[in-house]
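# Residue-level structure breakdown
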Amino acid sequence: MAVSFDGKVAIVTGAGGGLGRAHALELARRGARVVVNDLGAAVDGSGGSSKAAQDVVAEIEALGGKAIANGGSVSDRDGAQSIVRDAVQAFGTVDILINNAGILRDKSFAKMALDDFELVLKVHLLGSVYCTHAAWPIMAAKNYGRFVMTTSSSGLYGNFGQSNYGTAKMGLVGLMNTLKLEGERKGIRVNTIAPVAATRMTADLGMPDEVFQALKPELVTPAVLYLCSDDAPNGTIVEAGAGYFAKVQVVESKGVHLGPAATVEDVAGAFDRISDMTGATPFWQGAEVTGKIFATRPR
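Reference entry: report on the structure contained in this document.

## Section: the overall build of the chain
When helices and strands are counted, the chain shows eleven helices and ten strands. Computed over C-alpha atoms, the radius of gyration of the chain comes to 21 Å, within 12% of the 19 Å expected from 2.2 N^0.38 for 299 residues, which places it in the range of a compact globule. Out of the 299 residues in the chain, the part that is buried amounts to 43%. Within the chain, counting contacts between residues at least 6 apart in sequence, those at least 24 apart form 70% of the total. Surface accessibility of the chain: about 15,000 Å² in total, with carbon and sulfur atoms responsible for 55%. Computed over 28 positive and 30 negative side-chain charges, the inter-centroid distance for the chain is 6 Å.

As structure tokens, then:
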């Protein structure tokens, strides 16, 4: 059955180009009314222009869809509020929020200015928090909402020179893991996309043109739209790129009970068994870890 977004109102942050633009266009093609947010800044967050967002709105309107542009900064609380406020004023509500906006300020940790570390966290992590916080009450009141966070393999697995970016991106997984629980009874589902795509943020990585062309942003969009559809899962991370899709999970080994008298030498001696990931399992919430410890300890 075709997935439709008829009647839905969707906000996509950072939608003036790349991944956000691809998400916004496909949502509109499938019937959603879209708020195209983009500050219009450079990759490092400097500058700003409303043209990028307005151009995407023009594309959507040319397709026969409905959209408005918003130039608010997600890293500013008032800017985030303006995005949601404009959605409500134009279309009456908000059903979907895709937190996509981001910047890069790459440098090895020892050489990185703390201002650059904080700014990347403010855009990626706090920007998603601010926008989500602004939209949450609207969705909770009507018992329906879909949020998609945007993580990265740099956050999930690390990448040299991206300690700020990786920290922010893994932080979004932690945000999802709690919001999936808090929103479940309110009809709100929160998921995360881990895109592998060629955008202006990856243009300077020196990848071969063949690879760059294969990693088109629009090839990530099918997973994003599934994660914000009526039938979306909850609390799921999906990696997507070049037509490849995979579920990502944080899992825990079976573990080893060494007893209350365990010493550092005991841990060192048992570390191969502690690290054995055979039969590793995920948990739905943190309290389950405590339950596992006491359920499996020797009597």
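## A look at the packing of aromatic side chains
The description of an aromatic ring pair rests on the distance of the ring centres and on the angle between the ring planes. Per the counting criterion, the structure on display carries two aromatic pairs. Summarising the aromatic geometry, the rings of Trp-136 and Phe-147 are spaced 5.6 Å apart at their centres and angled 20° between planes, so their arrangement reads as stacked. Residue Trp-136 is located in helix 4 (residues 114–142), and its partner Phe-147 is located in strand 5 (residues 145–150); the two are separated by eleven residues in the primary sequence. Both residues of the pair, Trp-136 and Phe-147, belong to the buried class.

## A word on the pattern of salt bridges
Scanning the entire structure with this criterion turns up eight salt bridges. Where Arg-21 meets Glu-59, a salt bridge forms, and the shortest distance between an N and an O atom there is 2.7 Å. In this pair, Arg-21 is assigned in helix 1 (residues 18–29) and Glu-59 in helix 2 (residues 51–62), connecting sequence segments 38 residues apart. With a relative accessible area of 30%, Glu-59 lands in the partly exposed category. Ionic pairing is found between Lys-51 and Asp-55, a salt bridge with its closest N-O pair at 2.6 Å.

Reading the values: the criteria
- Residues numbered from 1 in each chain as written.
- Predicted model: local features only at pLDDT ≥ 70, side-chain atom pairs only at ≥ 80, totals over all residues.
- Heavy atoms only, no water.
- Helix = DSSP H or I, 4+ residues; strand = E, 2+ residues; numbered from the N terminus.
- Rg over C-alpha atoms; globule rule 2.2 N^0.38 Å.
- Buried < 20%, exposed > 50% of the residue type's maximum accessible area, 1.4 Å probe, protein only.
- Contact = heavy atoms within 4.5 Å.
- Areas by Shrake-Rupley, 256 points an atom, 1.4 Å probe, with all protein chains shown as cover.
- Lys, Arg positive; Asp, Glu negative; His and termini not counted.
- Charge placed at Lys NZ, Arg CZ, Asp CG, Glu CD.
- Phe/Tyr/Trp six-rings, centres within 6.5 Å; stacked < 30°, edge-to-face > 60°.
- Salt bridge = Lys/Arg side-chain N within 4 Å of Asp/Glu carboxyl O.

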